[in-house]
Amino acid sequence: MTKIMIDPGHGGRDPGACGNGLREKDLNLKLALMVRERLKKYKCDTAMTRSSDVFLSLPDRTKKANTWKANYFISLHVNAGGGAGYEDYIYSGLPDTGHTAKIRSAVHSKVAKVWTDAGRPSRGKKKKNLHVLRETSMPAMLMENSLIDNAEDTRLLKDANFFNRLAEAITAGLAAGLGLQLREVIPSPAPPPKPPTKPPQPKPPTAKPSKYNVADAIRAMQAVVGKVQLSAEEAKHLDANGDGKITVQDAILILQKIVGK
């Protein structure tokens, strides 16, 4: 598995170059974190010399890369001091056609295009005797993403969309130069099938109330017997047992005749 060490330049008490409301150390760290996140889709391991705003000496940085046995080292910077655009470096003692130069060319072609497409110049592929390029035991490059004291360059560095394109270009350049393969996407397991829905069960028919409810009728008769004044003729018709009185017993006999009992 290819191991890539990402080095955000400066940090902590060392802000790096400053201009137009920006600090180099912040830009370097932000870009490094974005590149690391995008590299997760490739078959590689990544580490960072710093992942927060802390100070590291140059020997600290190269020691981390060498101890981890990285296969590649990329240091992210922003320049200052006049001029405009993008440039990158490899160690001055290396040939133009060597392994390190070929990887750098792959990264340069992707990143420089982002800058030139935005109307900023490419300052070219360069060499320099820099500590992080000289003391690393693996191929290494250092990039200078524009000049922080140039208003047009920093306008782009403040643009979130441009910064995303820059991170994508660095990632694509590393993938091309190092021959990284995409990780296999493991599909999520299919959800278990839902159990078949039972057809709605018909409701049992509601029993219709009988035409005559004897108990209810008796209770009604009990409530009114003795309270209703009847004429002699009416009493004859209602006096079921012939005792000359309308009683509960009369009511029961009448109801039994009604329901056929």
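Scroll up to find the structure.
The structure contained in this document is the topic of the report that follows.

The rules behind the values
Sequence positions are assigned chain by chain, starting from 1 and proceeding in written order. In keeping with the model being predicted, local features are shown solely for residues with a pLDDT of at least 70 and side-chain atom pairs are shown and tallied solely at 80 or more, while totals for entire chains, interfaces and linings include all residues. With hydrogens and water stripped out, all remaining heavy atoms of the structure feed into the side-chain values. Strands qualify as paired when DSSP identifies two bridges or more between them. The helix and strand labels rest on DSSP assignments: H or I over at least four residues marks a helix, E over at least two residues marks a strand, and numbering proceeds from the N terminus. Fitted lines through C-alpha atoms serve as axes, helices being fitted only where they are in contact, and the angles separating the N-to-C directions of these axes extend from 0 to 180 degrees. It only takes one pair of heavy atoms within 4.5 Å for two residues to be counted as in contact. In this scheme, roughly parallel covers angles under 35 degrees and roughly antiparallel covers those over 145, while 65 to 115 is roughly perpendicular and the rest are oblique. Note on convention: near helix rotated counterclockwise from far helix by under a right angle means a left-handed crossing. Clockwise means right-handed. The pairing test for Phe, Tyr and Trp rings, Trp by its six-membered ring, is centres within 6.5 Å, and the orientation test on the planes gives stacked under 30 degrees, edge-to-face over 60, and tilted for anything in between. The buried label goes to any residue with under 20% of its type's maximum accessible area, the exposed label to any with over 50%, and the partly exposed label to all in between, with areas taken from a 1.4 Å probe on protein chains only. Geometrically, a lysine NZ or arginine CZ counts as sitting over a ring once it is within 6 Å of the ring centre and also within 35 degrees of the ring normal.

Glancing now at the sheet that holds strand S1 (residues 2-8). Pairing is mixed across the open sheet formed by 6 strands, whose spatial order is S4-S1-S5-S8-S6-S7. Each end of this open sheet is capped by a strand with a single partner; those strands are strand S4 (44-48) and strand S7 (122-128). Sheet twist, expressed as the average angle between the axes of neighbouring strands with direction ignored, equals 20°. Alignment of strand S6 (residues 86-91) against S7, held across 6 bridges, turns out to be parallel. Across the sheet, residue Tyr-89 finds its bridge partner in S7, namely Lys-126. Here helix H3 (residues 99-117) sits on the sheet and contacts strand S5 (72-79), S6, S7 and strand S8 (140-147); the angle it forms with S6, its principal contact strand, is near 170°. Along the sheet, helix H6 (residues 160-178) contacts S1, S5 and S8; its crossing angle with S5, the most-contacted strand, is approximately 150°.

Below, the discussion takes up the packing of H3 against H6. Following both chains from N to C, one finds H3 and H6 inclined at 160°, their axes separated by 7 Å at the closest point. When the interaxial angle is binned, H3 and H6 end up roughly antiparallel. Where H3 crosses over H6, the two elements pack in a sense that is right-handed. Note on element contacts: H6 touches H3 through Phe-162, Arg-165, Leu-166, Ala-169, Ile-170, Ala-172, Gly-173, Leu-174, Ala-176, Gly-177 and Leu-178, opposite Ile-103, Ala-106, Val-107, Lys-110, Val-111, Val-114 and Trp-115.

With that settled, consider the packing of aromatic side chains. As enumerated under the stated definition, the model contains 1 aromatic pair in all. Between the aromatic rings of Trp-115 and Phe-162, the centroid separation amounts to 4.7 Å while the plane-to-plane angle is 65°, which identifies the pairing as edge-to-face. On the criterion of sequence distance, the pair formed by Trp-115 in helix H3 and Phe-162 in helix H6 is long-range, its members being 47 residues apart. Of the residues examined, Trp-115 reaches a relative accessible area of 0% and is grouped as buried. The class for Phe-162 is buried, based on a relative accessible area of 0%. For the cation-ring pair, Lys-30 lies above Phe-163, with the distance from its terminal atom to the ring centre recorded as 4.6 Å.

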